[in-house]
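Here are the chains, one letter per residue:
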Amino acid sequence: MVRTVLILFGALIAITLLRSSIGMLGKVFQQMTTASAESASHPNTVEMVKCPSCGSVFAPQVAQKHTHAGKS
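Definitions and limits used
- Residues numbered from 1 in each chain as written.
- Predicted model: local features only at pLDDT ≥ 70, side-chain atom pairs only at ≥ 80, totals over all residues.
- Heavy atoms only, no water.
- Helix = DSSP H or I, 4+ residues; strand = E, 2+ residues; numbered from the N terminus.
- Contact = heavy atoms within 4.5 Å.
- Patch = residues over 30% accessible without salt bridge, like charges linked within 9 Å, V, L, I, M, F, W, Y side chains within 5 Å.
- Areas by Shrake-Rupley, 256 points an atom, 1.4 Å probe, with all protein chains shown as cover.
- Salt bridge = Lys/Arg side-chain N within 4 Å of Asp/Glu carboxyl O.
- Buried < 20%, exposed > 50% of the residue type's maximum accessible area, 1.4 Å probe, protein only.
- Disulfide = S-S within 2.5 Å.
- pLDDT = per-residue confidence, 0-100.

Below, the discussion takes up the environment of Met48. Secondary-structure assignment places Met48 in the loop between helix H1 (2-41) and strand E1 (49-50). As for Met48 and Gln61, which are separated by 13 residues in sequence, their C-alpha atoms are 9.7 Å apart. Apart from residues lying up to four places away in sequence, Met48 is in contact with Val57, Phe58 and Ala59.

Taken together, the side chains of Met1, Val2, Val5 and Leu6 define a hydrophobic patch exposed on the protein surface, amounting to about 480 Å² of accessible area. Residue position: Met1 is located in the segment before H1. Residue Met1 is classed as exposed on the basis of its relative accessible area of 79%.

Before going further, it helps to spend a moment on the state of the cysteines. All chains considered together, the criterion is met by zero disulfides. Here Cys51 stays free of any disulfide, with the sulfur of Cys54 as its closest cysteine sulfur at 3.5 Å. The class of Cys51 is buried, set by a relative accessible area of 11%.

Attention shifts here to the confidence of the model for the protein chain. Chain-level statistics for the protein chain give a pLDDT mean of 81 and a share of 78% at 70 or above. The spread of mean pLDDT over the elements of the protein chain runs between helix H2 (residues 60-65), the lowest at 73, and H1, the highest at 88.

Below, the structure is given as structure tokens:
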């Protein structure tokens, strides 16, 4: 009787560990696939440009028009 209870308790622990490890592997696989899908969906990313005098960050097209006229 005690032996059966110990075997069932061990089986319950083994099943729990197996399910959690499968769940963790599934999450890792999902993160890997979504990361590659996100990078493929945004192929035209642009590096931002930081203004050396004021520290503001702009897209390159806007940075060319950025001036400090009127500022003290």
